[in-house]
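# Examining the three-dimensional arrangement
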Amino acid sequence: MLGILLYCRPGFENDCANEIQAKASELEVFGYIKTLKNSGFVLYHCYDPSQVEGLAEQLNFSQLIFARQMIVAVALVEELPAEDRIKPILEITRNLPMAGDVFVECPEGDETKPLLTFCRKFTVPFRQALKKHNNLTKKENMKKRRTHVCFMDYETAYVGYSLPNNRSEQHMGITRLRFPNEAPSRSTLKLDEAFQTFLTKEEQEQRAHSGLRAVDLGACPGGWTYQLVRRGMFVSCVDNGAMAESLMDTGQITHYMEDGFKFEPERKNIHWLVCDMIEKPKRVAKLMAQWLVDGWCKEAIFNLKLPMKQRYQEATEDLKLLTDIIEEAGFNYELQAKHLYHDREEITVHVRLTDKFYGALDK
Ligand SMILES: C[S@@+](CC[C@H](N)C(=O)[O-])C[C@H]1O[C@@H](n2cnc3c(N)ncnc32)[C@H](O)[C@@H]1O
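Residues numbered from 1 in each chain as written. Predicted model: local features only at pLDDT ≥ 70, side-chain atom pairs only at ≥ 80, totals over all residues. Heavy atoms only, no water.

## Details of a nonpolar patch on the surface
Put simply, the rule is: Patch definition: residues with relative accessible area over 30% and no salt bridge; like charges joined within 9 Å; nonpolar side chains (Val, Leu, Ile, Met, Phe, Trp, Tyr) joined within 5 Å. Using the Shrake-Rupley algorithm and a 1.4 Å probe, accessible areas are obtained, with residue cover drawn only from the displayed protein chains. Salt bridge criterion: a side-chain nitrogen from Lys or Arg within 4 Å of a carboxyl oxygen from Asp or Glu. Secondary structure is summarised from DSSP: a helix means a run of H or I of at least four residues, a strand means a run of E of at least two, and numbering begins at the N terminus for each.
The grouping of Phe30, Tyr32 and Tyr47 at the surface amounts to a nonpolar patch, some 350 Å² of accessible area in total. By secondary structure assignment, the location of Tyr47 is in the loop between strand E3 (41-46) and helix H2 (52-58).

What follows is the structure, given as structure tokens:
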């Protein structure tokens with residue numbers, strides 16, 4: 001085994017590397033990383049290669065912030081001949097357990113776009129070859145490992161696999177979404193991606209449905225509000241700026257020209273608090289924690305803006321501040337923080353209080 005291969009947004013390799021280094025050390029698996037600036041991936045080599053598989057099982061992918069995908073890299077295949085690239089790759093995959101699916105990928109980037117087109121074309125014959133050699137189930141099976149081939153260029157590829165229930169189900173770990181033309185800003189895609197990443201389809205039906213009340217702090221011009229309105233919610237929008245007319249016309253929103261840090265909802269029947277204010281991340285983290293422990297909302301999705309260099313360190317401090325407040329108030333919680341595909345220098349966080357005390361408050 002070579003190591004753990006992680007995909008990330010180009011430019012965020014150091015953050016992804018710092019995170020995997022910290023998480024692996026916590027698990028007492030030690031290793032090293034060589035990152036390439038703007039490469040869009042990080043490879044964590046374990047000093048003891050026999051620990052790689054165990055590490056992949058112990059790491060919780062959903063709790064990694066900067067990794068879009070987590071793969072056990074089995075081998076790096078070099079000098080792939082243009083006339084038959086499949087054969088040398090099959091030499092590796094034939095020693096792996098049967099996979100339920102396959103992704104042929106490359107790191108994200110403007111320069112890798114032609115390579116991505118090649119990956120798409122390569123998938124069909126490669127899939128057939130895997131089936132013929134009994135390395136791939138006849139029908140897609142999500143409960144099994146997925147084979148990954150990640151081309152660095154036309155001659156070089158990492159070959160490996162991801163584990164069921166501990167990976168992104170998206171090709172290249174990227175949730176591709178169509179921009180809805182009627183939405184007032186492109187940031188609408190961030191909240192749409194957040195709902196799809198943090199909640200399963202069933203959870204969205206149960207907890208992000210029509211009739212619920214929401215508050216959007218820093219709402220203008222209304223890209224996030226649009227996602228809440230589209231799901232049939234009633235939204236209090238807090239911002240000194242102007243909201244898009246199209247949203248005002250829906251009759252589902254009320255606009256408060258107030259400071260998001262001072263705003264207090266009249267009625268405390270809010271399900272969702274969302275917040276995209278450009279502010280110091282620690283200030284936002286504290287505000288979100290306060291809304292949750294005071295019972296002003298049930299769940300929150302918010303951005304932490306990270307314009308600094310040490311993003312992983314800052315994010316860790318911000319999340320600790322938030323969870324300390326929640327824990328001190330005696331609550332249990334679910335939390336996920338992700339650098340989403342549609343995020344820039346920011347991460348998106350979802351928090352929900354879960355314990356019985358909260359349930360009691362709810363009645
Ligand atoms: C990135 S924009 C939000 C974009 C919005 N989520 C969307 O999808 O259209 C940040 C907004 O936060 C607002 N903002 C910043 N500080 C604020 C504060 N203290 N109270 C209320 N709004 C604030 C700004 O006026 C700005 O409209």
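## A few points about the layout of surface pockets
Going by this rule: Every definition here rests on a 1 Å grid over the protein atoms only: cavities are sets of points where a 1.4 Å probe fits but cannot get out, pockets are open sets enclosed by protein on both sides within 12 Å along at least five of seven lines, and lining residues have some atom within 4 Å of a point. Grid points are joined across faces, edges and corners, and a volume is the space filled by probe spheres set on the points. Residue polarity is assigned by list, with Asp, Glu, Lys and Arg as charged and Ala, Val, Leu, Ile, Met, Phe, Trp, Tyr, Cys and Pro as nonpolar; anything else, Gly included, falls into the polar class.
A volume near 1,000 Å³ is recorded for the largest pocket. Lining the largest pocket are 36 residues, with Arg167, Glu169, Gln196, Thr197 and Phe198 sitting closest to its centre. Elements that contribute at least two residues to the lining of the largest pocket include exactly helix H5 (188-198), helix H6 (201-207) and strand E13 (333-338). Looking at the lining of the largest pocket, the element that brings in the most residues is H6, giving five residues. Among the residues forming the lining of the largest pocket, the class breakdown is nine nonpolar, 15 polar and 12 charged.

## Examining unusual backbone geometry
Cis geometry is adopted by the peptide bond preceding Pro221, which originates at Cys220 and carries an omega value of 0°. The residue Pro221 is located in the loop between strand E8 (213-217) and helix H7 (223-230) in this model. Positive phi values are uncommon outside glycine, yet Asn38 reaches one of about 65°. Tracing the backbone through its elements, the reader meets Asn38 in the loop between strand E2 (31-33) and E3. Even without glycine at this site, Met172 takes up a positive phi of about 60°.

## Digging into the site of the ligand
Quick reminder of the rule: We call a residue near a molecule or strand as soon as one heavy atom of that residue lies within 4 Å of the molecule or strand. Polar contacts, as counted here, are pairs of nitrogen or oxygen atoms within 3.5 Å of one another; within protein the pair requires one atom able to donate a hydrogen and one able to accept it, and residues that are adjacent in sequence qualify only if both atoms are side-chain atoms.
Among the 17 residues in the neighbourhood of the ligand, the closest are listed as Gly223, Asp239, Asp259, Gly260 and Asp276. Gly222 is positioned with one of its backbone polar atoms (N or O) 3.1 Å from an oxygen atom of the ligand. Class assignment of the residues belonging to the shell around the ligand gives a composition of seven nonpolar, six polar and four charged.

## Considering the domain arrangement of the chain
Buried accessible area, meaning the area lost when the parts come together, often serves as the stated size of an interface. Worth spelling out the cut-off: All domain edges in this entry derive from an automatic or database-based domain assignment. Buried area is calculated as the accessible area (1.4 Å probe) missing from two parts once they are joined, with the contributions of both summed.
Domain annotation of the chain identifies domain 1 (3-173) and domain 2 (188-360). Between domain 1 and domain 2, the C-alpha centre-to-centre distance is 32 Å. Between domain 1 and domain 2, the buried area comes to about 1,400 Å², and carbon and sulfur atoms account for 53% of it. Its largest share of buried area at the contact with domain 2, domain 1 owes to Arg9, Ile65 and Phe66, together 41% of the area lost on that side. There are one salt bridge connecting domain 1 and domain 2. Between Arg311 and Asp15 there is a salt bridge, and its shortest N-O distance comes to 2.7 Å. Linking domain 1 with domain 2 are eight residue pairs in polar contact (both at pLDDT 80 or more). Tallied by class, the residues present in the side of domain 1 that touches domain 2 amount to seven nonpolar, four polar and six charged.

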